[in-house]
Amino acid sequence: MIIIRMAGGLGNQMFQYALYEKLRSMGKEVKFDDINEYRGERARPIMLAVFGITYPRADWNEITAFTDGSMKWKNRIRRKLLGRRAIEYEEQGFFDPKVLTFDNMYLKGAFQSERYFADIRDDIQKLYTFPELDEMHLPEKLYMATEEYLQRIKSGSSVGLHMYRSDSRTDEELYEGICTEKYYEGAVRFMQDKVKNATFYVFSNEPKWVKNWVEGLIESQQTEEMSKEEKAALREKFILVESNTEYTGYLDMMLMSKCDHSIISNSSFSWWSAYLNTNPDKIVVAPDRWKNNVESADIYTDGMVLIDPRGRVNRKERKES
């Protein structure tokens with residue numbers, strides 16, 4: 001049996017479940033450890049049910065057997081004298097082919113690469129189909145707000161812009177200086193050049209900061225030659241989406257996936273919002289680094305336009321699968 005340790009928010013859970021589907025397609029028995037990472041007060045919610053997904057859960061005895069985590073005194077003494085005898089493996093890099101070779105293992109990792117499930121890509125995209133808004137049973141106020149955003153997105157050329165602030169992350173050194181303000185400014189300029197009359201729908205985990213950033217961006221694009229009407233029209237091209245919390249964040253992913261094009265941050269949530277976009281002509285802009293000092297080529301998908309922290313286009317070739 002294989003046990004996958006579930007961790008993180010919705011985007012990470014989707015990558016881990018995609019690996020589960022891949023391993024299952026290979027004839028392996030797979031379960032999830034959804035206990036260890038989700039038992040604290042600050043644990044993020046498990047959100048896969050929004051797609052109607054259920055999964056087999058490993059029980060505590062199975063988890064402790066694989067991780068050699070039994071607290072019985074004999075086991076504790078043995079570990080102290082001889083060391084831990086865990087049957088576990090932690091993913092190395094964004095794509096680690098060794099992950100797919102095990103038949104009996106406790107797997108830890110993010111598994112953030114399409115390369116894990118490229119051969120069942122269509123199945124994964126169908127699996128992650130959002131239900132119709134009417135079927136989500138939302139509170140009326142939230143339903144109305146989401147419906148309004150959805151109709152506006154469908155009414156013209158739309159770009160979903162996701163700003164995940166790095167200073168909200170626990171390991172700042174891994175993410176510092178990647179999705180800079182210059183990165184987003186360059187990404188917006190690129191989209192404005194490529195997409196006629198684009199409207200930007202801005203999503204973020206820190207809406208107050210983003211609101212100030214958007215105001216500054218609009219002011220930087222206004223000129224003295226612009227009429228009052230032209231300035232007002234530019235302002236209307238940036239719409240902040242502010243209706244959701246951690247527990248309804250899947251609605252942000254759904255709305256972003258309905259946009260014609262995407263500007264993403266270096267987050268799994270952002271990645272999936274672009275990946276689930278079914279527009280055959282979509283443009284996806286991504287940061288040219290995902291983590292500092294980590295080779296990140298395997299997280300990018302074909303056709304992504306990569307922009308560096310200074311806002312310059314840097315078209316990198318994705319590694320061959």
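Values in this document were obtained by computation on a predicted structure and should not be read as measured data. (Residues numbered from 1 in each chain as written. Predicted model: local features only at pLDDT ≥ 70, side-chain atom pairs only at ≥ 80, totals over all residues. Heavy atoms only, no water.)

Thoughts on the overall build of the chain
What counts here: Elements are defined by DSSP. Helices are runs of H or I of four residues or more, strands are runs of E of two residues or more, and each kind is numbered from the N terminus. By definition in these notes, contact holds between two residues if any of their heavy atoms fall within 4.5 Å. Residue-level accessible areas treat just the shown protein chains as cover; the underlying method is Shrake-Rupley with a 1.4 Å probe.
Per the secondary structure count, the chain includes eleven helices and ten strands. Across the chain, every contact between residues at least 6 apart in sequence was considered, and the portion connecting residues at least 24 apart equals 65%. Accessible surface, the chain as shown: approximately 17,000 Å² in total, 45% of it carbon and sulfur.

So, the pattern of salt bridges
Applicable threshold: Here, a salt bridge means any side-chain nitrogen of Lys or Arg that lies within 4 Å of a carboxyl oxygen of Asp or Glu. The buried label goes to any residue with under 20% of its type's maximum accessible area, the exposed label to any with over 50%, and the partly exposed label to all in between, with areas taken from a 1.4 Å probe on protein chains only.
Within the structure shown, the criterion is met by eleven salt bridges. The salt bridge involving Lys-31 is made with Glu-62; its shortest N-O contact spans 2.9 Å. Here Glu-62 lies in helix H2 (residues 60-67) and Lys-31 lies in strand S2 (residues 30-33), a separation of 31 residues in the sequence. By relative accessible area, which is 17% here, Lys-31 ends up buried. Salt-bridge contacts for Glu-246 lead to Arg-44; the nearest nitrogen and oxygen are separated by 3.0 Å. Pair noted here: Glu-246 is in the loop between strand S7 (238-240) and helix H10 (249-258) and Arg-44 is in the loop between S2 and H2, with a separation of 202 residues, a long-range link. Classification of Arg-44 as partly exposed rests on a relative accessible area of 37%.

Description of the sheet that holds strand S10 (residues 305-307)
For the record, the criterion: Paired strands, as defined in this entry, are two strands with at least two bridges between them according to DSSP. Every axis in this analysis is a line fitted to C-alpha atoms, fitted for helices over the stretch in contact. Angles between the N-to-C directions lie between 0 and 180 degrees.
The parallel open sheet is built from six strands, whose spatial order is S7-S6-S5-S8-S9-S10. Of all strands in the sheet, those bounded by a partner on one side alone are S7 and S10. Strand-to-strand twist across the sheet, computed as the mean angle between neighbouring axes with direction ignored, equals 25 degrees. Relative to strand S8 (residues 261-263), strand S5 (residues 158-163) runs parallel, the two sharing three bridges. The residue bridging Val-159 from the neighbouring strand is His-261, located in S8. Packing against the sheet, helix H8 (residues 207-221) makes contact with S5, strand S6 (199-204) and S7, and its axis sits at approximately 170 degrees to S7.

Regarding the packing of aromatic side chains
Using the following cut-off: In this scheme Phe, Tyr and Trp rings, the latter by its six-membered ring, pair at centre separations within 6.5 Å, and the angle between planes marks the pair as stacked below 30 degrees, edge-to-face above 60, and tilted otherwise.
Evaluated as defined, the whole model comprises 21 aromatic pairs. Between Tyr-183 and Tyr-184 the ring centres are 4.9 Å apart and the planes differ by 65 degrees, which places this aromatic pair in the edge-to-face class. An identical accessibility class is assigned to Tyr-183 and Tyr-184; each is buried. With 6.0 Å between their ring centres and 80 degrees between their planes, Trp-290 and Tyr-300 make a pair best called edge-to-face. Of this pair, Trp-290 sits in the loop between strand S9 (284-287) and S10 while Tyr-300 sits in the loop between S9 and S10, placing them ten residues apart in sequence. In this pair, the class of Trp-290 matches that of Tyr-300, namely buried. Through successive ring pairs, a cluster of aromatic residues spans Phe-15, Phe-51, Phe-117, Tyr-128, Phe-130, Trp-271, Trp-272 and Tyr-275.

Considerations on the nonpolar core
Going by this rule: Take the buried Ala, Val, Leu, Ile, Met, Phe, Trp, Tyr and Cys residues and link them wherever side-chain atoms come within 4.5 Å; each set so joined is a nonpolar core.
One finds Leu-107, Phe-117, Tyr-128 and Trp-272 to be the most contacted residues of the largest nonpolar core, which totals 67 residues. Element by element, the count of residues in this core is highest for helix H1 (residues 10-25), at eight residues. With residues up to four places along the chain from it excluded, the contact list for Phe-117 reads Phe-15, Ala-18, Ile-124, Trp-271, Trp-272 and Tyr-275.

Details of the sheet that holds strand S4 (residues 105-108)
By definition, the strands of a sheet pair up through backbone hydrogen bonds, in either a parallel or an antiparallel sense. One open sheet holds the four strands; their spatial order is S2-S1-S4-S3, and the pairing between them is parallel. This sheet does not close on itself; its edge strands, each paired only once, are S2 and strand S3 (88-90). Between one strand and the next, the sheet's axes are offset by a mean angle of 25 degrees, whatever the strand orientation. With four bridges connecting them, strand S1 (residues 2-5) and S2 associate as parallel partners. Directly across from Arg-5, in S2, lies its bridge partner Asp-33. Its contacts with the sheet put H2 on S1, S2, S3 and S4, and the angle it makes with S4 is roughly 90 degrees.

Description of the packing of helix H7 (residues 181-194) against H8
When two helices pack together, their arrangement is given by the angle between the helix axes and by the axis-to-axis distance. Under the convention used in this document: Note on terminology: angles under 35 degrees are roughly parallel, angles over 145 are roughly antiparallel, angles of 65 to 115 are roughly perpendicular, and the others are oblique. In this scheme the crossing of two helices becomes right-handed for a clockwise turn of the near helix relative to the far one and left-handed for an anticlockwise turn of less than a right angle. Charged residues are taken to be Asp, Glu, Lys and Arg, nonpolar residues to be Ala, Val, Leu, Ile, Met, Phe, Trp, Tyr, Cys and Pro, and polar residues to be all remaining types, Gly included.
The interhelical angle for the contact between H7 and H8, taken along N-to-C directions, is 55 degrees, at an axis separation of 12 Å. As far as their axial angle goes, H8 and H7 are oblique. As H7 runs across H8, the sense of the crossing is right-handed. Residues Glu-181, Tyr-184, Glu-185, Val-188 and Gln-192 of H7 lie in contact with H8, whose contacting residues are Trp-209, Trp-213, Leu-217 and Gln-221. Its residues placed into classes, the contact of H7 with H8 shows five nonpolar, two polar and two charged.

Brief notes about the confidence of the model for the chain
Keep this limit in mind: Known as pLDDT, the predictor's confidence for each residue is given on a scale from 0 to 100.
Across the chain, the average pLDDT comes to 90, with 90% of residues at or above 70. Taken together, the stretch residues 317-321 has pLDDT below 50 and engages in twelve contacts with residues farther than four places along the chain or on a different chain.

Quick word on H1
Inclusion rule: Expected span of a helix: the number of residues minus one, times 1.5 Å.
Across its 16 residues, H1 extends 22 Å between first and last C-alpha, which sits within 8% of the 22 Å expected from 1.5 Å per residue. Counting buried residues along H1, 13 of its 16 residues qualify, which places the element largely inside the surrounding structure. Positioned one or two residues after H1, Gly-27 has a phi angle of 85 degrees, which is positive.

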